[in-house]
Amino acid sequence: EEMSEGLVRLFGELTAKGPHLGPSWLDKRVLQRLLLSEENELFDPARRRVDLSGGGMDHPLTDYFVASSHNSYLVGDQFRSNSDCRMYEQQLLMGCRCLEIDCWDGADGEPTVYHGMTFTSKIKFRDVIISIANFAFVASAYPVVLSLEMHCSLPQQEKIATYLREHLREKLHRPSDDALPFRPS
């Protein structure tokens, strides 16, 4: 209730400053500030601190609310905008815990990330993983799920696996061979 009152108060302050000229009084800046404000936070601020020392995360993934991102690498629209590793960094710093990585064969033998069959620019998978490794646990100690949309040939998939092991090291959860009755492609 206190948080709701804070959001109403913030809304009143923001809209009181602008002219009330029809539907344009709630402009993009005001809406963005409202949506990203602490008063509009989904979670109880008292639970912002993370203590994973006692286990505590032993439920199936479907039992948790996970802040996720789609086309995480894009700066703009999904048809012709630029791809940028810094978008992963920004989303991790905002608390995102599930990132999508669209993996495609690179012409130079290096896996690339981009929105396939479009005019978006391409970035190297290796650079994406380095960015994620550097920023994954700056804003939150909660685990990060990487959703790899795989369109790569087997040799480039092997490079991806190598980069994941190389750059994420102990941050990468790797189940034992006994835990997987099959090998995903």
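Structural data are supplied above this passage.
The text that follows walks through the structure, step by step, so that each part is easy to find. On a predicted model such as this, the values are computed, not experimentally measured, just so you know.

A look at the sheet that holds strand S3 (residues 123–124)
No. 1: Across the sheet, which stays open at both edges, the four strands sit in the order S3-S2-S1-S4 with mixed pairing between neighbours. The open sheet is flanked by S3 and strand S4 (145–151), the only strands paired with a single partner.
No. 2: When strand S2 (residues 112–113) meets S3, the two strands line up antiparallel, connected through two bridges. When the sheet's bridge partners are listed, Val113 is paired in S3 with Ile123.
No. 3: Taken strand by strand, helix H5 (residues 154–168) contacts strand S1 (98–104) and S4, and its axis lies near 160 degrees from that of S4.

Quick word on the pattern of salt bridges
No. 1: Under the defined criterion, the tally for this structure stands at three salt bridges.
No. 2: Notably, a salt bridge pairs Glu110 with Lys159, separated by 2.9 Å at the nearest N-O pair. Of the two residues, Glu110 sits in the loop between S1 and S2 while Lys159 sits in helix H5, which places them 49 residues apart along the sequence.

Describing the packing of helix H3 (residues 85–93) against helix H4 (residues 125–135)
No. 1: One way to put it is that H3 packs onto H4 with a least axis distance of 9 Å and a crossing angle of 25 degrees. The angle between H3 and H4 places the two elements in the roughly parallel class. Between H3 and H4 lies a crossing whose hand is right-handed. Residue-level contacts link Cys85, Tyr88, Glu89, Leu92 and Leu93 of H3 to Asp127, Val128, Ser131, Ile132 and Phe135 of H4.
No. 2: By residue class, the composition of the contact of H3 with H4 is seven nonpolar, one polar and two charged.

Examining H3
No. 1: Taken together, the buried positions of H3 are occupied by Cys85, Met87, Tyr88, Glu89, Gln91 and Leu92.
No. 2: On its buried face, H3 is in contact with S1, S2, S3 and H4.
No. 3: Phi turns positive one or two residues past the end of H3, at Gly95, with a value near 100 degrees.

A word on unusual backbone geometry
No. 1: Phi is positive for Asn71, which is not a glycine, with a value near 50 degrees.
No. 2: Assignment of secondary structure puts Asn71 in the loop between helix H2 (28–35) and H3.
No. 3: The phi dihedral of Arg169 falls on the positive side, at around 40 degrees, and the residue is not glycine.
No. 4: When you line up the elements, Arg169 lands in the segment after H5.

Let's talk about the environment of Leu10
No. 1: Topologically, Leu10 is positioned in helix H1 (residues 2–16).
No. 2: Between the C-alpha atoms of Leu10 and Glu39, which are 29 residues apart in sequence, the distance is 7.9 Å.
No. 3: Residues in contact with Leu10, not counting those within four places in the same chain, are Arg33, Leu34, Ser37 and Glu39.

How each quantity is defined
- Residues numbered from 1 in each chain as written.
- Predicted model: local features only at pLDDT ≥ 70, side-chain atom pairs only at ≥ 80, totals over all residues.
- Heavy atoms only, no water.
- Pairing = 2+ DSSP bridges.
- Helix = DSSP H or I, 4+ residues; strand = E, 2+ residues; numbered from the N terminus.
- Contact = heavy atoms within 4.5 Å.
- Axes fitted to C-alpha atoms, helices over the stretch in contact; angles between N-to-C directions.
- Salt bridge = Lys/Arg side-chain N within 4 Å of Asp/Glu carboxyl O.
- Parallel < 35°, antiparallel > 145°, perpendicular 65-115°, else oblique.
- Left-handed = near helix turned anticlockwise from the far one by under 90°.
- Nonpolar A, V, L, I, M, F, W, Y, C, P; charged D, E, K, R; others polar.
- Buried < 20%, exposed > 50% of the residue type's maximum accessible area, 1.4 Å probe, protein only.

Just geometry here; none of it tells us what the structure is for.
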